[in-house]
Amino acid sequence: MWRCLRCAAFVPGPPQRAGPAAQAPAPRRGNEVRSSVILRVFAVERLVRGVLVGALAYVLWHFRGSRHSIERAFDRERPAFRTLFRDFGYNIDHSKLVGLIHHALTLSPGTIDLIVAVLALYAVVELIEAAGLWLGRRWGEYFAMVATSLGLPYELYELSIGFSVLKLLLLGINLVLVLYLMITKRLFGARG
């Protein structure tokens, strides 16, 4: 049994490292532990978002060549979905999602490739944010704050066009992250 010089705890077994006590890293306590947990929660959210957007980019890229067969299948199955959803009191002819899918199927291959590239880039940015926040690195905090701040005006614009709970939730998460990083981490000289 030996006594840890950093935290004064008695630990069974042989010491893990050797060296001067002055070079021992300080253990995290209090605010540092709480900050680490909060950053990891945001990192998990960024990871989930990055994986979902990356999966969407892959699906678009994978099926871009078979667009016409997908459009025929969509038009063939539309009446069945129309009756199914009519039983639930929902008219899919006035659905924005169905209109968006139909519009997406009429896009040119070049436009689809551009959308895939933008989605893939966004997924990479989200994954970099997730890695930086999970590791608790200073560069990750700056990267997450800048990348998230750049998207806030677009999210406000989207919310002004049409209100939805999902849009409001995503805006709230991003706004909380930016404010948390600015205030608690004192990024870019905030709070002196």
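Everything in this summary refers to the structure shown in the same document. (Residues numbered from 1 in each chain as written. Predicted model: local features only at pLDDT ≥ 70, side-chain atom pairs only at ≥ 80, totals over all residues. Heavy atoms only, no water.)

Glancing now at the overall build of the protein chain. Of the regular secondary structure elements, the protein chain holds six helices and two strands. When its helices and strands are written in sequence order, the protein chain yields β-β-α-α-α-α-α-α. For the protein chain, with 192 residues in total, the buried portion stands at 23%. Surface summary for the protein chain: the accessible area is close to 13400 Å², and the carbon and sulfur share equals 69%. (Helix = DSSP H or I, 4+ residues; strand = E, 2+ residues; numbered from the N terminus. Buried < 20%, exposed > 50% of the residue type's maximum accessible area, 1.4 Å probe, protein only. Areas by Shrake-Rupley, 256 points an atom, 1.4 Å probe, with all protein chains shown as cover.)

Another aspect to go through is the pattern of salt bridges. Considering all chains together, one arrives at seven salt bridges under this definition. The salt bridge partner of R138 is E141, with a shortest N-O separation of 3.2 Å. In this pair, R138 and E141 both sit in helix 5 (residues 138–161), three residues apart, roughly one turn of the helix. Relative accessible area serves as the criterion here: at 3%, E141 is assigned to the buried category. Ionic pairing is found between K185 and E141, a salt bridge with its closest N-O pair at 3.5 Å. Taken together, the residues span a long stretch of sequence, with K185 in the segment after helix 6 (165–184) and E141 in helix 5 at a distance of 44 residues. By the burial criterion, K185 is buried, and E141 matches it. One network of salt bridges, with partners in common, ties together E45, R46, R49, E126 and E129. (Salt bridge = Lys/Arg side-chain N within 4 Å of Asp/Glu carboxyl O.)

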